[in-house]
Amino acid sequence: MNQILLVGPEKNRFKDLTASFSENQITTLWTDTAGKALALVAGKKIDLVIIHEQVPDMTAKKLVENLITLNAMMNCVVLSAMSDEDFHEAYEGLGVLMRFPLIPGKAEAKKLQDHLARISRISDQVKSVKGAGNK
Amino acid sequence: MKNGRIAIPSNGQGGLNGTRAGHFGHCDVFTLVDVENGEIKEVSILQNQEHVQGGCMVPVNLLSENRVSALVVGGIGMRPLMGFRQVGINVYHDDQRVEIEPVVKDLIAGRLSEIKNDQVCGGGGGH
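Now for a look at the structure at hand.

All names here are of chain B. In space, the six strands of this open sheet follow the order β3-β2-β1-β4-β5-β6, with mixed pairing throughout. Edge positions in the sheet fall to β3 (39-47) and β6 (113-114), since each has one partner strand and no second. Note that strand β2 (residues 29-36) and β3 share eight bridges and pair antiparallel. Among the inter-strand pairings, V29 is bridged to a residue of β3, identified as Q47. The strands that helix α3 (residues 100-108) touches are β1 (4-10), β2, β3, β4 (70-73) and β5 (90-93); relative to β1, the one it contacts most, it runs at about 150 degrees.

With 35 residues of chain B at the interface, the matching set in chain A holds 32 residues. For the chain B and chain A pair, buried surface summed over both sides reaches about 2,700 Å², with 53% attributable to carbon and sulfur atoms. On the chain B side of the contact with chain A, Q53, M78 and R79 of chain B bury the most area, a combined 23% of that side's loss. At the boundary of chain B and chain A, one finds one salt bridge. The closest approach of N and O atoms between R118 of chain A and E50 of chain B, which form a salt bridge, is 2.3 Å. In this structure, the connection of chain B to chain A is made through 13 residue pairs in polar contact (both at pLDDT 80 or more). Among the secondary structure elements, those contributing two or more residues to the side of chain B that touches chain A are β3, α1 (57-65) and α2 (78-86) of chain B. Taken together, the residues of the side of chain B that touches chain A sort by class into 14 nonpolar, 15 polar and six charged.

Residue and element names in this part refer to chain A. Running from N to C, helix α2 (residues 34-43) and helix α3 (residues 60-70) cross one another at 15 degrees; their axes reach a closest spacing of 11 Å. Here α3 runs roughly parallel to α2, going by the angle between their axes. The handedness of the crossing between α2 and α3 is right-handed. For the pair formed by α2 and α3, the contact residues are A34, L38 and V41 on the first element and L63, N66, L67 and L70 on the second.

The next subject is the sheet that holds strand β1 (residues 3-7) of chain A. Residue and element names in this part refer to chain A. With respect to topology, five strands assemble into an open sheet ordered β2-β1-β3-β4-β5, the strand pairing being parallel. Where the open sheet ends on each side, the last strands, each with one partner, are β2 (27-31) and β5 (98-100). If you compare each strand with its neighbour and ignore which way they point, the axes differ by 25 degrees on average. Bridging between strand β3 (residues 48-52) and strand β4 (residues 75-79) involves five bridges; their strand directions are parallel. Opposite H52, over in β4, you have L79 as the bridge partner. Its contacts with the sheet put α2 on β1, β2 and β3, and the angle it makes with β1 is roughly 165 degrees. Packed onto the sheet, α3 meets β1, β3 and β4 and runs at close to 165 degrees relative to β3.

About the thresholds
- Residues numbered from 1 in each chain as written.
- Chains lettered and ligands numbered in written order.
- Predicted model: local features only at pLDDT ≥ 70, side-chain atom pairs only at ≥ 80, totals over all residues.
- Heavy atoms only, no water.
- Pairing = 2+ DSSP bridges.
- Helix = DSSP H or I, 4+ residues; strand = E, 2+ residues; numbered from the N terminus.
- Contact = heavy atoms within 4.5 Å.
- Axes fitted to C-alpha atoms, helices over the stretch in contact; angles between N-to-C directions.
- Buried area = accessible area lost by both parts, 1.4 Å probe.
- Salt bridge = Lys/Arg side-chain N within 4 Å of Asp/Glu carboxyl O.
- Polar contact = N/O pair within 3.5 Å; in protein donor to acceptor, adjacent residues only side chain to side chain.
- Nonpolar A, V, L, I, M, F, W, Y, C, P; charged D, E, K, R; others polar.
- Parallel < 35°, antiparallel > 145°, perpendicular 65-115°, else oblique.
- Left-handed = near helix turned anticlockwise from the far one by under 90°.

Keep in mind these values describe shape, not function.
Below you can see the structure in the form of structure tokens.
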């Protein structure tokens, strides 16, 4: 993972998260609207998008839907005050990696990188798994 | 469907006489059915991989790597559906029958419809 797009009304909210990613040589970009986020994703190599639940021009859920319609491989994380149960109900099926608190920090950055590493390990196994019909 | 490879999310050991899994991301195995000239040529089994939150693209890549051209689900989330479409796997829908063989035969005969965007699952659906 090389580049993360942060989407939300206040850049400062992402300060601790940005610092943690930076320590791991991960670049972050920030924008305040869903429209600008979609334009950035279309024009740059973005590996992951972290979205505040209150983006001014679109719901976070709608932005996730638009992002995966453009590229289903795009991983998304949402900053939300919802309970785990409500979040699960609202977002499952959209393949959101995890929910972050409204002001995420170093612990969340670590949790996210560990989770992505786990998915990456599973994905690597896929390359070696072939069905009996493959000869 | 005249030629191609069909994947069916399956319970247990899978196979043409087996049963379909309702939760495709969590299925035990995929039953793979090779079709040539509208006939079943070969049936094989593909082990599913571990499923984790947000790991929807794992089964997409697994089936793509194994040259699957069509998938039949009872339900599916929006992200994996988009993923399958983007790698060129057509996704068909049947939420009525648990048996594998009649669903495969219906797909070969052109009697199953592709899943529509408004049929995707939210909240604990087929992902």
